[in-house]
Amino acid sequence: QVQLVESGGGSVQAGGSLRLACAASRYRYCMGWFRRAPGKEREAVAVINKDGTARFADSVKGRFTVSRDNAKNTVYLQMNSLKPEDTAMYYCAAGSGQYCTPTDFDYWGQGTQVTVSS
């Protein structure tokens, strides 16, 4: 079992920045961030493997970065130039799988709310 603890959500005005952090209780090859906005499907925002290879949703490319500290089993999501459409509950996830596809994630955090006002 892997426990994930997220921090860093909150409210910000459009154009602002937030940084999310997620600490895992033990190592997993894949770590990442997903989000679910009201009335929408959950989507993968950014995923990163142990070696630092990352992928991003098209909607956040150029604005969000993801990083991880393997020594601390922690993954970070730096969100810049935030838009109202980024408003969602953000979930940290961890799992294993060569390509870190969404189905490879089998442990989930409780979620942290991000609200961006215009």
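Scroll up for the structure.
Since the model is a prediction, treat every value here as computed from it, not as a measurement. (Residues numbered from 1 in each chain as written. Predicted model: local features only at pLDDT ≥ 70, side-chain atom pairs only at ≥ 80, totals over all residues. Heavy atoms only, no water.)

**Student:** What's the story with the environment of Cys 22 in this structure? I'm lost.
**Tutor:** Within the fold, Cys 22 resides in strand β3 (residues 18-24). Residues Cys 22 and Thr 112, spaced 90 residues apart in sequence, show a C-alpha to C-alpha distance of 10 Å. Aside from chain neighbours lying at most four places away, what touches Cys 22 is Leu 4, Val 5, Glu 6, Met 31, Trp 33, Asn 73, Thr 74, Val 75 and Cys 92. (Helix = DSSP H or I, 4+ residues; strand = E, 2+ residues; numbered from the N terminus. Contact = heavy atoms within 4.5 Å.)

**Student:** It is not clear to me how the nonpolar core should be interpreted in this structure. Could you clarify?
**Tutor:** Proteins that are soluble and globular tend to have nonpolar side chains buried together. Counting 28 residues, the largest nonpolar core has Trp 33, Leu 77, Met 79 and Tyr 90 as the members making the most contacts within it. Setting aside chain neighbours within four positions, we find Tyr 90 in contact with Glu 6, Leu 20, Trp 33, Phe 34, Arg 35, Val 45, Phe 64, Leu 77, Met 79, Gly 111, Thr 112 and Val 114. Counting residues in hydrophobic clusters, the runner-up holds six residues, among them Phe 34, Ala 93, Cys 100 and Phe 105. (Core = buried A, V, L, I, M, F, W, Y, C linked by side-chain atoms within 4.5 Å. Buried < 20%, exposed > 50% of the residue type's maximum accessible area, 1.4 Å probe, protein only.)

**Student:** I would appreciate a short explanation of unusual backbone geometry in the present structure.
**Tutor:** Apart from glycine, the bulk of residues carry a negative phi angle, and the bulk of peptide bonds sit in the trans form. A positive phi angle is found at Ser 81, which is not glycine, with a value near 50 degrees. Structurally, Ser 81 can be placed in the loop between β8 (74-79) and β9 (88-95). Judged by its relative accessible area of 41%, Ser 81 falls in the partly exposed class. Phi at Cys 100 is positive, roughly 50 degrees, even though this residue is not glycine. Here Cys 100 lies in the loop between β9 and β10 (105-108).

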